[in-house]
Amino acid sequence: MELTEDISQITNPELDLNSITVLGIKLGHSRESIPTELISEGPYGGWLHITNGIVIRISEEEPKKIVEFLLKPELLEGLKITREKRIEKRFGTTTSIEKQGGTTFYFYENQKIVVGWDDLNNKLSGVYVGENIVKQTKFRITDVLDKFYEFKSMVPNCNEWNARSLTYNEPRFYRFKQLESLMHAFEIGNDLLKDFQNRNFLNNRSIKDFQSIVDDIEKYVADNEFETNRWERKNEILKDVDRFDMLIQSFMRFSEEMRGLLRFNSGWLETGSVVSRYSIYKTQKLIDNIDLTELNEIESLLGKVLDPKERVFTKSELMKRFNFPDVDLHSIDMDNY
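Please read all numbers here as calculations on a predicted model, not as lab measurements.

Draft legend 1. Region of interest: the overall build of the protein. When its secondary structure is counted, the protein shows 12 helices and 10 strands. Viewed in the frame of its principal axes, the protein has a C-alpha envelope of about 75 × 50 × 50 Å. Looking at the protein alone, contacts between residues at least 24 apart form 54% of all its contacts between residues at least 6 apart. Accessible area for the protein stands at about 19600 Å²; split by element, carbon and sulfur atoms hold 47% of it. Each charge class in the protein was averaged separately, 46 positive and 57 negative side chains, and the resulting centres sit 3 Å apart.

Draft legend 2. Focus on the pairing of strand β2 (residues 47-50). Pairing between strand β1 (residues 39-44) and β2: 3 bridges, direction antiparallel. Across the sheet, Y44 pairs through a bridge with W47, a residue of β2. Count of turn residues in the β1/β2 antiparallel hairpin: 2 residues, of which G45 carries a positive phi of about 60 degrees. Alignment of β2 against strand β3 (residues 54-58), held across 4 bridges, turns out to be antiparallel. Bridge pairing in β3 links W47 to R57. The turn linking β2 back onto β3 is made up of 3 residues, and N52 within it adopts a positive phi angle of 70 degrees.

Draft legend 3. Inspection of helix α10 (residues 293-306) at higher detail. For α10, which comprises 14 residues, the first-to-last C-alpha distance of 20 Å matches the rise-based estimate of 20 Å (1.5 Å per residue) to within 8%. Those residues of α10 lying buried are L295, I298, E299, L301, L302, G303, V305 and L306. Here the buried face of α10 lies against α2 (141-154), α5 (192-197), α6 (211-222) and α8 (245-262).

Draft legend 4. View of the nonpolar core. Judged by nonpolar contacts, the single largest core of 39 residues is most densely connected at I188, L192, F196 and I248. Where this core is concerned, the elements lending two or more residues are α2, α4 (170-185), α5, α6, α8, α10 and α11 (315-322). If sequence neighbours within four positions are ignored, L192 has contacts with F148, F151, W161, F176, L179, M183 and Q197. Ranked by size, the runner-up nonpolar core spans 33 residues in total, among them L3, I25, F91 and W117.

Draft legend 5. Focus on the pattern of salt bridges. A full pass over the atoms with the stated rule returns 13 salt bridges. When the shortest N-O distance is used, the salt bridge between D245 and R199 registers 3.1 Å. Highlighted residues: D245 in helix α8 and R199 in the loop between α5 and α6, separated in sequence by 46 residues. Residue D223 is joined to K219 by a salt bridge in which the shortest nitrogen-to-oxygen separation is 3.7 Å. Judged by its relative accessible area of 61%, D223 is exposed. Several salt bridges converge on common partners, so that one network encompasses E187, D307, K309 and R311.

Draft legend 6. Highlighting the packing of aromatic side chains. On inspection of all chains with the given rule, the structure shows 14 aromatic pairs. Between F151 and F176 the ring centres are 6.0 Å apart and the planes differ by 40 degrees, which places this aromatic pair in the tilted class. Of this pair, F151 sits in helix α2 while F176 is found in helix α4, placing the two residues 25 residues apart along the sequence. F176 shares its class with F151; the two are buried. Seen from their ring centres, F186 and F313 are 5.1 Å apart, and the 90 degrees between their planes marks the pair as edge-to-face. You can see F186 sitting in the loop between α4 and α5 and its partner F313 sitting in strand β10 (residues 313-314), a full 127 residues away along the chain. Residue F186 shares its accessibility class with F313, and that shared class is buried. One aromatic cluster is present, built from ring pairs that chain together F148, Y149, F151, W161, F176 and F196.

Draft legend 7. Highlighting α8. Helix length check: α8 (18 residues) gives 26 Å between terminal C-alpha atoms against 26 Å at 1.5 Å per residue, within 8%. Of all the residues in α8, the buried ones are I248, F251, M252, S255, M258 and R259. Along the axis of α8, the buried residues cluster in a sector spanning 140 degrees; they form a single face. In this structure, α8 carries M246, R253 and E257 as exposed residues pointing more than 90 degrees from its buried face.

The rules behind the values
- Residues numbered from 1 in each chain as written.
- Predicted model: local features only at pLDDT ≥ 70, side-chain atom pairs only at ≥ 80, totals over all residues.
- Heavy atoms only, no water.
- Helix = DSSP H or I, 4+ residues; strand = E, 2+ residues; numbered from the N terminus.
- Contact = heavy atoms within 4.5 Å.
- Areas by Shrake-Rupley, 256 points an atom, 1.4 Å probe, with all protein chains shown as cover.
- Lys, Arg positive; Asp, Glu negative; His and termini not counted.
- Charge placed at Lys NZ, Arg CZ, Asp CG, Glu CD.
- Pairing = 2+ DSSP bridges.
- Expected span 1.5 Å × (residues − 1).
- Buried < 20%, exposed > 50% of the residue type's maximum accessible area, 1.4 Å probe, protein only.
- Core = buried A, V, L, I, M, F, W, Y, C linked by side-chain atoms within 4.5 Å.
- Salt bridge = Lys/Arg side-chain N within 4 Å of Asp/Glu carboxyl O.
- Phe/Tyr/Trp six-rings, centres within 6.5 Å; stacked < 30°, edge-to-face > 60°.
- Arc of directions from axis to C-beta.

Right, here's the structure in full:
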């Protein structure tokens, strides 16, 4: 079934992607199966530009295979989608909708199709078919930590950690609203200062929620002769939740400071100075060589206390259930730069 002969086939919810060809090319075939004369540009980041508005993504691992097609607007004119609301009329009800960097994506995960809508130019930007590189944003508890550290660096005065104080600063306001939503989703509490920063969420944790930390402490003791000799007298501390408060405080502070270091150069959008570029080069070279193994382990232990259920939420789910703001923070940041 050649897709370019009838592009409307892409809207069929029963379409078997293994049965289609695009200019005779099939998903799963080898990189060498693409006729050389069809390639106009690339590869760029694994993408090959083909004639007639088609881009093909090649897998990174060997053997190199065709894993995705991007059908560009000039190939999609036959769908007659001139308004965004027609996307779901043609493709059906979407799994979720998400704005990312000036594009609104409609996800059809069962069909392995993502439809992109160019918000600036108000038209289709493309349709991704196959092992979709564009994915829904998903949030784990470590993402909550990272968002909290970022917000705290932007709003260091905790007296301003409320919607009223931040109303007229969109980048800060929407980050605060995101955190409110995430705290509700992960059952951390309602107050960013009291429940998160000051760790009142620990009042709702039982000793079993610290089991990963207890296991890690026991491993540390077993590998340390001095601690092993003292273990019997100190063993009772591992049965009292209150004894872990200082440890969680230490882990959170260490995690925050390390993440701040890793974001050291994140404030630069562009620079025309050779001295500034040199500074970024030297500092980033060091940052890129930091071994994050132990930090990831600490944050994993911390995450299991913050969220013992180890949940994952999509942005779409957070929007529907927890009032997560439907905004594109990247665009907001650029507009306010």
